[in-house]
Amino acid sequence: MKSEDKTMKKRPNILFILSDDQGAWAMHCSGTPELYTPNLDRIAASGMRFDNFYCASPVCSPARASLLTGTIPSAHGVLDWLRGGNLDGEKFAEQGQENPYADKYTNERKPIGYLDGQTAYTDILAENGYTCALSGKWHMGDSVRPQHGFSKWYTIGLGGCCYYHPDIVEDGNITVEHGKYVTELFTNRALEYLDTLDKEEEPFYLAVHYTAPHSPWGREHHPEKWIQYYEDCDVASIPDIPDHPDLITGPVYGTERRKENLRGYFAAVSAMDEQIGRILDALEEKQLAEDTIVIFTADNGMSMGQHGVWGKGNATFPMNMYDSAVKVPFLISYPGVVPAGTVCHGMVSACDLFPTLLELTGMGEQMPEGLPGRSFATLLHGTAEEHEGEIVVFDEYGPVRMIRDREWKYVHRYPYGRQELYHLTEDPGEEKNLYGQPGYEKKALEMKIQMEKWFLKYVNPELDGTKEGVTGSGQLCRPGIHADRPLVYPPVGT
């Protein structure tokens, strides 16, 4: 059955599951045998797994905003993870004191609608009869206020939380739920939504945004059964190599932190997978599976020892663009449209999700003009391996920009460098930087020119990340709106 046949009856429901800091490698079905992820494998077996899906920025808030708006960070203005503007710090000061995570609410003043005035694909879905429900992390500004088409809103105040002490946002209030595992809370609310959504005549978009497997990874933060499951796992598939010279997250090599980090990270993934299984079971029990597009992906990638890096793009300073940081999992199931058990090797960007969802729901004609992405719906039939035309993906993180095709990757750091050039067909592990070496000057220049032409086309000059003080240590405000505050803090350790 073709997708247009389905939309003639009723537009498909959409279950969109988003994880936090999960590399494309971090699933059993993508080649990490130690990881127990039967339900992610289940989605892959019932549909398609992409092995070349790239985020728009290797850190959470910009990557999430690009997924939602289809624009690049230097067009929507979320250039780093949001350290401020998530909530009213004065109003919720008491809740901040109860929340043991990170720096609590000390950087919060007033909420900022970073994406106000911009079009999200959920806006278009809602305008066309979809009920849009969120259960999980937002972290794109003003977390307490439902926005962009969402009529059901259950999230957390900041971008992260202690797994057993989440600061839950609901009905304009924040309550710290001590002793309750946040991954399970998000699932419970998603299941409650399903109980009401499946009774409605109109289609639904259900977003389940887990905080897993984002840190913290201490054994006290995750169910003991999963900590025990990985207690004696040597994780041979993850390299045990010296720390990257630019690593700013503290020493790991030769310490117990490697075991602790991997055990906690893997436990968080498996605990999330277990909860995803509950949602998949509910879809089947309610006989919704046949009419629901199920998508699983992550905001950004994650290095857990690859290249000697422990973290994402901002685990190093200057920030990095390794594939382990920019490549994310992407699974999609849609019975009758996406052939089961298939793998797509085409190169796809997170900015392509917006036009793809509009096409799959029969609303392609409502695609806003000027977006950089293009629909990959043709790839979902399993008959095509690539987009038509040029196959290139781009990434940015403040002053760091990347262009990548199947054979080459070029990374440019404004204004001073260090630049990188990798011949990926010969060096898939990105271990030999060819920039500046004899014989490669022309290739580096060609890729730089191609990259700069592309960004010139899609950047908003007023929000250009290369012109702002983005260091990877968090964004405090929207560029240009608070003259008394810097955009970001200096990098950690300076």
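Residues numbered from 1 in each chain as written. Predicted model: local features only at pLDDT ≥ 70, side-chain atom pairs only at ≥ 80, totals over all residues. Heavy atoms only, no water.

(A) Region of the structure containing the overall build of the protein chain. Tallying secondary structure elements over the protein chain gives 12 helices and 17 strands in all. Computed over the C-alpha atoms, the radius of gyration of the protein chain is 21 Å, within 12% of the 23 Å expected from 2.2 N^0.38 for a compact globule of 494 residues. Projected onto the principal axes, the alpha-carbon positions of the protein chain cover approximately 65 × 55 × 50 Å. Sorting the 494 residues of the protein chain into buried and exposed places 62% on the buried side. Nonlocal contacts in the protein chain, meaning residues at least 24 apart in sequence, comprise 70% of its contacts between residues at least 6 apart. For the protein chain, the exposed surface amounts to about 18700 Å²; the carbon and sulfur share of it is 50%. (Helix = DSSP H or I, 4+ residues; strand = E, 2+ residues; numbered from the N terminus. Rg over C-alpha atoms; globule rule 2.2 N^0.38 Å. Buried < 20%, exposed > 50% of the residue type's maximum accessible area, 1.4 Å probe, protein only. Contact = heavy atoms within 4.5 Å. Areas by Shrake-Rupley, 256 points an atom, 1.4 Å probe, with all protein chains shown as cover.)

(B) View of the sheet that holds strand E17 (residues 420-423). With antiparallel pairing, the four strands of this open sheet are ordered in space as E14-E15-E16-E17. The outermost strands of the open sheet, each flanked by one partner alone, are strand E14 (393-397) and E17. Across this sheet, the average inter-strand angle for adjacent strands is 10°, counted without regard to direction. Sheet topology note: the strand E16 (residues 408-413)/E17 ladder contains four bridges and is antiparallel. Looking across to E17, one finds that tyrosine 410 is bridged to leucine 421. (Pairing = 2+ DSSP bridges. Axes fitted to C-alpha atoms, helices over the stretch in contact; angles between N-to-C directions.)

(C) Representation of the pattern of salt bridges. Going through the model one piece at a time under the given rule, you end up with 31 salt bridges. Among the ionic pairs, aspartate 323 bridges to arginine 404, the shortest N-O distance being 2.9 Å. Taken together, the positions of aspartate 323 in helix H10 (residues 323-326) and arginine 404 in strand E15 (residues 400-404) put the pair 81 residues apart, joining distant regions of the chain. Taken individually, aspartate 323 and arginine 404 each receive the classification buried, so the pair is uniform in this respect. A salt bridge links aspartate 323 to lysine 409; the nearest nitrogen and oxygen atoms lie 2.8 Å apart. One end of the pair, aspartate 323, is in helix H10; the other, lysine 409, is in strand E16, and 86 residues separate them in sequence. An identical accessibility class is assigned to aspartate 323 and lysine 409; each is buried. One salt-bridge network, held together by shared partners, links Arg219, Glu224, Glu231, Lys259 and Arg263. (Salt bridge = Lys/Arg side-chain N within 4 Å of Asp/Glu carboxyl O.)

(D) Representation of the packing of aromatic side chains. For the coordinates displayed, the defined rule picks out 31 aromatic pairs. With centroids separated by 6.3 Å and ring planes inclined at 20°, the aromatic side chains of phenylalanine 16 and tyrosine 205 adopt a geometry described as stacked. With phenylalanine 16 in strand E1 (residues 13-19) and tyrosine 205 in strand E7 (residues 204-209), this pair connects stretches of sequence that are 189 residues apart. Taking the centre distance of 5.5 Å and the plane angle of 90° together, the rings of tyrosine 230 and phenylalanine 266 count as edge-to-face. Of this pair, tyrosine 230 sits in the loop between helix H8 (224-229) and helix H9 (257-285) while phenylalanine 266 sits in helix H9; the two residues are 36 residues apart in sequence, bridging distant segments of the chain. Of the two residues examined, tyrosine 230 and phenylalanine 266, each falls in the buried class. A network of ring pairs unites the aromatic residues Trp25, Tyr36, Trp217, Trp226, Tyr229, Tyr230, Tyr265 and Phe266 as a single cluster. (Phe/Tyr/Trp six-rings, centres within 6.5 Å; stacked < 30°, edge-to-face > 60°.)

(E) Broad picture of the environment of tyrosine 154. By the secondary structure assignment, tyrosine 154 is in strand E4 (residues 150-156). The exposure class of tyrosine 154 is buried, given its relative accessible area of 5%. Residues tyrosine 154 and tyrosine 416, spaced 262 residues apart in sequence, show a C-alpha to C-alpha distance of 43 Å. Once residues lying within four places of it in the same chain are set aside, the contact partners of tyrosine 154 are Leu134, Ser135, Gly136, Ile168, Val169, Glu170, Leu185, Phe186, Arg189 and Tyr193.

(F) Just unusual backbone geometry, in detail. For the bond from alanine 212 to proline 213, the omega torsion is 0°, close enough to zero to count as cis. Following the sequence through the fold, proline 213 ends up in the loop between E7 and H8. Of note in this structure, histidine 148 is not a glycine but carries a positive phi near 50°. For aspartate 171, which is not glycine, the phi dihedral falls at a positive 55°.

(G) Fine view of the side chain of aspartate 395. Along the chain, aspartate 395 falls in strand E14. Among buried Asp, Glu, Lys and Arg side chains, aspartate 395 stands out as unpaired, with lysine 409 the closest opposite charge at 8.0 Å. (Lys, Arg positive; Asp, Glu negative; His and termini not counted.)

Read these as layout, nothing more, since geometry by itself doesn't imply function.
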